[in-house]
Amino acid sequence: MLGFFTMNDIQAGDGARYMTELFSEKNKNGLTRDLIEALFPMFEEASAGAIAVDGESRITWINSSYSHLLGLGDPARVIGKPVRQLIPHTRMPEVVESGKPLLLDIMEHNQQQLVVTRLPYYDESGRIVGAVAFVLYDDLQPLTPLVSKYRRLHQDLAAARKALAKKVRGTRYSLGDFVGASPAALEVKRRARLAAGREMPVLLLGETGTGKEVLAQAIHTVSARADKPFVGVNVAAIPDNLLEAEFFGVAPGAYTGADRRTRDGKFQLANGGTLFLDEVGDMPLPLQAKLLRALQEGEIEPLGSNKVERVDVRVIAATSRNLEAMIAEGSFRSDLYYRLNVLEIPIPPLRDRLADLGVLCEALLGEICEGLEFRGEITDAGVSALGSYDWPGNIRELRNVLERAMTMGEEGGILDADAVFKVLPRSSARPISSLTPQPVRPLAQTLADAEAQAIEEALVASRGNRTRAAKLLGISRSVLYEKLAKLS
Ligand SMILES: Nc1ncnc2c1ncn2[C@@H]1O[C@H](COP(=O)(O)OP(=O)(O)OP(=O)(O)O)[C@@H](O)[C@H]1O
Ligand SMILES: [Mg+2]
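Going along each chain's sequence as written, the residues are numbered from 1 onward. Working convention: letters from A go to chains and numbers from 1 go to ligands, in the order in which they are written. With pLDDT at 70 or above as the cut-off, local features in this predicted model cover only qualifying residues; side-chain atom pairs require 80 or more to be listed or tallied, and sums for whole chains, interfaces and linings still use all residues. Think of the side-chain values as coming from all heavy atoms in the structure, minus any hydrogens and water.

Moving on, we get to the overall build of the protein. Where helices and strands are cited, they refer to DSSP runs of H or I of at least four residues and of E of at least two residues respectively, numbered from the N terminus. If you tally the helices and strands in the protein, you get 21 helices and 14 strands. Per-residue accessibility, obtained with a 1.4 Å probe over protein chains only, is compared with the maximum for each type, and a residue is labelled buried under 20%, exposed over 50%, and partly exposed between these values. In the protein, which comprises 488 residues, the share counted as buried stands at 44%. Sequence separation of 24 or more characterises 65% of the internal contacts of the protein that already satisfy a separation of 6 or more. Surface accessibility follows the Shrake-Rupley procedure with a 1.4 Å probe radius. Residue values consider only the protein chains on display as shielding. Carbon and sulfur atoms provide 53% of the accessible area of the protein, an area that totals close to 26,000 Å². A contact between two residues is defined here by any heavy atoms of the two lying within 4.5 Å.

Dropping the structure here:
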């Protein structure tokens, strides 16, 4: 037994001496014990920590480096505790029970992978009375390939699990993906949480790229319908004459050339879950009437069918258009508007929540650099530089700008104000220096700057597509390439 380890011994911190004493007792029963004796000094030296447990897998000794590594604090405090309680993934109890050593294993603890060796030990009569474990330094040369392979597999598994969970759910985003801590962003999240907890229709209003899709998915993900389908339909992307079939489905043989089988519409596909009506302001008036009926009655009539079907969907609608103005001019039904707009969530444009630029950059750079060797970073001056622009494309545009800055900057480099200004479209920027008069510069330099600015703006407007950028600038592709080469 390890009864001869007293608190004082432990506090003295000279664990190795007591361990050696333990293994140098006169009795030599069994190979394992001899093995431990022979290996102990080597393990101690190569070890980033060591621990011993008794026959009931309670900790009898732990050296301070292991206690520190595990984040357990004072070693004396953990003596007598079941080892599983403090190290959930330990396999020491298995070693105590089976009497079989685990010579090499990889253990997870608080997101770190530790390479460990565990050995049982015996008393004079050959009875198992406990086990010892050593954590080997993971930079031990022969172990490096093993550990890195394990880590890679582990990361792949985690990524696959995450992707699978999203696929099953039908959504990619949750509330945490709506990044922002400004009062305006917090109000958006508060309303989204409220919407998630209820069944009522929600109307998301915001300019392009403000996160309407992110929020619609997030509301579904945290709602009671999370394990039911999330079905999105972009009204603006579907030709008017196909919209009805797309929404309500088609009965067999509904029209010449129609499929013999029933084709489900988005309402049927979303049954039990959430239907996201994106760009709802683009819906033609006749379909608005049908949609209103479907929402009021909870019933739909597939094209070419004379039977109604009951459907249970929660509707989240979104638009970047001004629906009230559309009602005033007669292109949007007011009754449908009130039906959709039970809970309204206005999403502020980025220019109205510039305080969020820092956290947004951090999150977006993290996404952009996912899977790369380096982490993207931006300096405070870089963030301030971004604040000088008015962001008509909102967060989608911010992502593009950061992506371009990362591609144009040095590999693994940090984005500073210079790197940001290089890729920021300047036409609508509010230059920091606009209040101070600019010194007069040689004409050639002013013209060259104006040209560089025009090229950058064209590249941003064309999302980096050089053929389109050249067209916008009214120059040939080859001339654009020539000019870009001079700029870089
Ligand atoms: N609050 C946010 N936090 C983090 N990323 C965001 C946020 N809002 C938007 N994004 C990102 O910006 C991009 C555009 O978002 P999304 O597609 O939701 O915008 P949208 O409002 O639906 O735009 P559109 O009207 O053009 O369809 C996506 O890449 C999304 O991940
Ligand atoms: Mg969208």
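Now for the side chain of Asp105. In this structure, Asp105 sits in strand 3 (residues 102-109). Judged by its relative accessible area of 16%, Asp105 falls in the buried class.

Two side chains with opposite charge may pair up if their charged atoms get near one another. The salt bridge definition used is simple: a Lys or Arg side-chain nitrogen within 4 Å of an Asp or Glu carboxyl oxygen. A complete count under the given rule lists 20 salt bridges for this structure. In the salt-bridge network here, residues are joined through shared partners; they are Arg91, Glu94, Asp105 and Arg118.

Turning to the sheet that holds strand 1 (residues 47-54), a few remarks are in order. One open sheet holds the 5 strands; their spatial order is 2-1-5-4-3, and the pairing between them is antiparallel. Each edge of the open sheet is held by one strand with a lone partner, namely strand 2 (59-62) and strand 3. Neighbouring strand axes in the sheet, compared pairwise and without regard to direction, differ in orientation by 25° on average. Whether two strands pair comes down to DSSP finding at least two bridges between them. Bridge analysis of strand 3 against strand 4 (residues 112-122) gives 6 bridges, and the strand direction is antiparallel. When the bridges of strand 4 are listed, His109 appears paired with Gln112. In this analysis an axis means a line fitted to C-alpha atoms, helices contributing only their contacting stretch, and an angle means the value between N-to-C directions, from 0 to 180 degrees.

Every buried residue belonging to helix 10 (residues 240-248) is among Leu243, Ala245, Phe247 and Phe248, and all of these are buried. Buried positions along helix 10 lie against strand 7 (230-234), helix 11 (266-269), strand 8 (274-278), helix 12 (285-297) and strand 9 (299-300). Looking one or two residues beyond helix 10, the residue adopting positive phi is Gly249, at roughly 85°.

Okay, the nonpolar core next. Among the nonpolar cores identified, the biggest contains 30 residues, and Phe247, Phe267, Leu275, Leu277, Val280, Leu291 and Leu340 are the most heavily contacted of them. Secondary-structure elements contributing two or more residues to this core are strand 7, helix 10, strand 8, helix 12, strand 11 (314-319), helix 13 (323-328) and helix 14 (334-340). When residues of this core are assigned to their parent elements, the largest contribution, 5 residues, is made by helix 12. The residues contacting Val280, other than those within four sequence positions of it, are Leu203, Val235, Ala317, Ala318, Thr319, Leu323, Phe332 and Leu340. Listed in part, the 26 residues of the second largest apolar core include Leu350, Leu365, Leu415 and Val420. For this analysis, a nonpolar core means a set of buried residues of the types Ala, Val, Leu, Ile, Met, Phe, Trp, Tyr and Cys, connected via side-chain atoms within 4.5 Å.

With that settled, the discussion passes to the confidence of the model for the protein. Counting all residues, the mean pLDDT for the protein is 82, and 82% of those residues have values of 70 or more. Known as pLDDT, the predictor's per-residue confidence is scaled from 0 to 100. Element-level mean pLDDT values for the protein span from 36 in helix 1 (residues 7-12) up to 97 in strand 6 (residues 202-205). Every residue in residues 1-31 is under pLDDT 50, and counting partners more than four places away or in other chains gives 54 contacts. Here residues 428-437 is a poorly scored stretch, pLDDT under 50, and it has 12 contacts once near neighbours within four places are set aside; other chains count.

A separate point is the pairing of strand 1. Most of strand 1 is tucked away, with 8 of its 8 residues classed as buried. Looking at chain direction, strand 1 and strand 5 (residues 128-136) are connected through 7 bridges and run antiparallel. Along strand 5, the bridge assignment pairs Gly49 with Val135. Two elements, strand 1 and strand 2, share 3 bridges in a ladder whose sense is antiparallel. Looking across to strand 2, one finds that Ile51 is bridged to Ile62. The hairpin formed by strand 1 and strand 2 contains 4 residues between the paired strands, and Ser57 there has a positive phi angle of roughly 60°.

Quick look at a nonpolar patch on the surface now. Surface patches are defined over residues having more than 30% relative accessible area and no salt bridge, joining like charges when they lie within 9 Å and nonpolar side chains (Val, Leu, Ile, Met, Phe, Trp, Tyr) when within 5 Å. Among the surface-exposed residues, Leu103, Leu104 and Leu146 lie close enough to one another that they form a single nonpolar patch of about 270 Å² accessible area. Here Leu104 lies in strand 3. By relative accessible area, which is 47% here, Leu104 ends up partly exposed.

Attention shifts here to the site of ligand 1. Nearness here has a simple test: a residue counts as near a molecule or strand if at least one of its heavy atoms is within 4 Å of that partner. The full set close to ligand 1 counts 18 residues, and Val179, Thr208, Gly209, Lys212 and Arg396 are the nearest of them. Here an oxygen atom of ligand 1 sits 3.2 Å away from a polar atom, N or O, in the side chain of Tyr173. In the analysis that follows, any N or O atom pair within 3.5 Å is treated as a polar contact, provided that within protein one partner can donate a hydrogen and the other can accept it, and provided that, for residues neighboring in sequence, both atoms belong to side chains. Lys212 has a polar side-chain atom sitting 2.6 Å from an oxygen atom of ligand 1. Compared with its free state, where it exposes 630 Å², ligand 1 has 87% of that area covered by protein. Every element with two or more residues in the shell around ligand 1 is listed here: helix 9 (212-221) and helix 17 (394-408). For this scheme, ten residues count as nonpolar: Ala, Val, Leu, Ile, Met, Phe, Trp, Tyr, Cys and Pro. Four count as charged, namely Asp, Glu, Lys and Arg, and the remainder, Gly too, count as polar. Looking at side-chain class alone, the shell around ligand 1 contains 6 nonpolar, 4 polar and 8 charged residues.

Bringing the environment of Arg404 into the picture now. As for its position among the elements, Arg404 is in helix 17. In this structure the C-alpha to C-alpha distance between Arg404 and Lys422, which are 18 residues apart in sequence, comes to 9.5 Å.

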